[in-house]
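# Commentary on secondary and tertiary structure
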Amino acid sequence: MSQFLTARPVAVERVMPSLPLPSASAEDSQTELLWRKLRRVRGWLWVVLAVLLLSGIGFWIRTALDRVLSRSVVEQLTTVRDANVEALQIWLRNQKHAVQLAAESRRVQSWTANLLELSRSQPATELRTSGAHEQLVAGLEPWLTNGGFEGFVLLDRDWNMVATSYPELSGKQAPKEYGEFLDPVFQGNPVVSRPFASLILQPDESGRLRAGLPTMFACAPLRQEGQIIAALALRIRPDQDFTRILQVGRLGASDRKSTRLNSSHTVISYAVFCLKKK
């Protein structure tokens, strides 16, 4: 009996073996693995941050360079535009001054007064062969040659072409479109007209007669005893100095329509018309 009681615990120990306890080395390996993953993610994070930083610096540098280059281009175009406008204004003043000097000539005024007197009693065909007409044509020739003008038209206050270098216009009345520059002239102001299509056949650069070529007039009032009695219009060929000045503006403006001028009745965009008619 005593032997049976003492032997039972030994049997229990054999039937129920002891369970293994968790080792410290397994926990350490999991922690180390987690830290390795964190270090790996942190490394990629620094790479991403470096890429974003470099991209931001590159974008800032490019934006700064674009601003500098844009400002430089704008300044250059502005300089070209201002020089172009100033050149055109000087040219306009020279044209007005030339026609004004011709209109203020006492001889031209005297011949004009004689022609106006004859025009009241003679038809245009007889007036063109009169001595007063021949004197006016000969007297204006130096003004036309020295100023680079192509011809002239003398108009009375009713816009009748009393004398002209173009026989087909003699005795005719100017169209209403001429009012744009004739009205200021009869108010006492010299004017350079805008380019418009010619009413008659004109020789082009090759000498061939063509209709609708661009033409301009420099006009000034003719006075007698302080009263305006007529308007003297000297013809300008826009395809010479005028269009050349405007071509500079078109190059500076990257072939876009050029800037409009002030109230001098000259618009730079009319260069497109002149160029198309060449």
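Please refer to the structure higher up on the page.
Reference entry: report on the structure contained in this document. What you are looking at is a predicted structure, and each value in this text was computed from that prediction instead of being measured. (Residues numbered from 1 in each chain as written. Predicted model: local features only at pLDDT ≥ 70, side-chain atom pairs only at ≥ 80, totals over all residues. Heavy atoms only, no water.)

With that out of the way, let us pick up the pattern of salt bridges. A complete count under the given rule lists 2 salt bridges for this structure. When the shortest N-O distance is used, the salt bridge between E117 and R120 registers 2.9 Å. Residue E117 is classed as exposed on the basis of its relative accessible area, which comes to 52%. Using a relative accessible area of 64% as the deciding quantity, one classes R120 as exposed. (Salt bridge = Lys/Arg side-chain N within 4 Å of Asp/Glu carboxyl O. Buried < 20%, exposed > 50% of the residue type's maximum accessible area, 1.4 Å probe, protein only.)

Among the 11 residues in strand 7 (residues 214-224), 9 count as buried, and that is most of the element. Direction of pairing for strand 4 (residues 196-197) relative to strand 7: antiparallel, over a ladder of 2 bridges. Residue pairing across strands places F196 opposite T215, the latter belonging to strand 7. Pairing of strand 7 with strand 8 (residues 227-236), which is carried by 9 bridges, proceeds in the antiparallel orientation. Residue pairing in the sheet places P221 in a bridge with A231 of strand 8. Counting the residues in the hairpin turn of strand 7 and strand 8 gives 2 residues, including E225, whose phi is positive at 55 degrees. (Helix = DSSP H or I, 4+ residues; strand = E, 2+ residues; numbered from the N terminus. Pairing = 2+ DSSP bridges.)

Take a nonpolar patch on the surface next. Where nonpolar side chains cluster on the molecular surface, the patch consists of L53, L54, I57, W60, I61 and L65 and spans about 660 Å² of accessible area. Its place among the elements puts I57 in helix 2 (residues 24-103). (Patch = residues over 30% accessible without salt bridge, like charges linked within 9 Å, V, L, I, M, F, W, Y side chains within 5 Å. Areas by Shrake-Rupley, 256 points an atom, 1.4 Å probe, with all protein chains shown as cover.)

Glancing now at unusual backbone geometry. Most peptide bonds take the trans configuration, and most residues that are not glycine carry a negative phi. Of note, W159 is a non-glycine position whose phi angle comes to about 70 degrees, a positive value. Within the secondary structure, W159 is located in the loop between strand 1 (151-156) and strand 2 (161-164).

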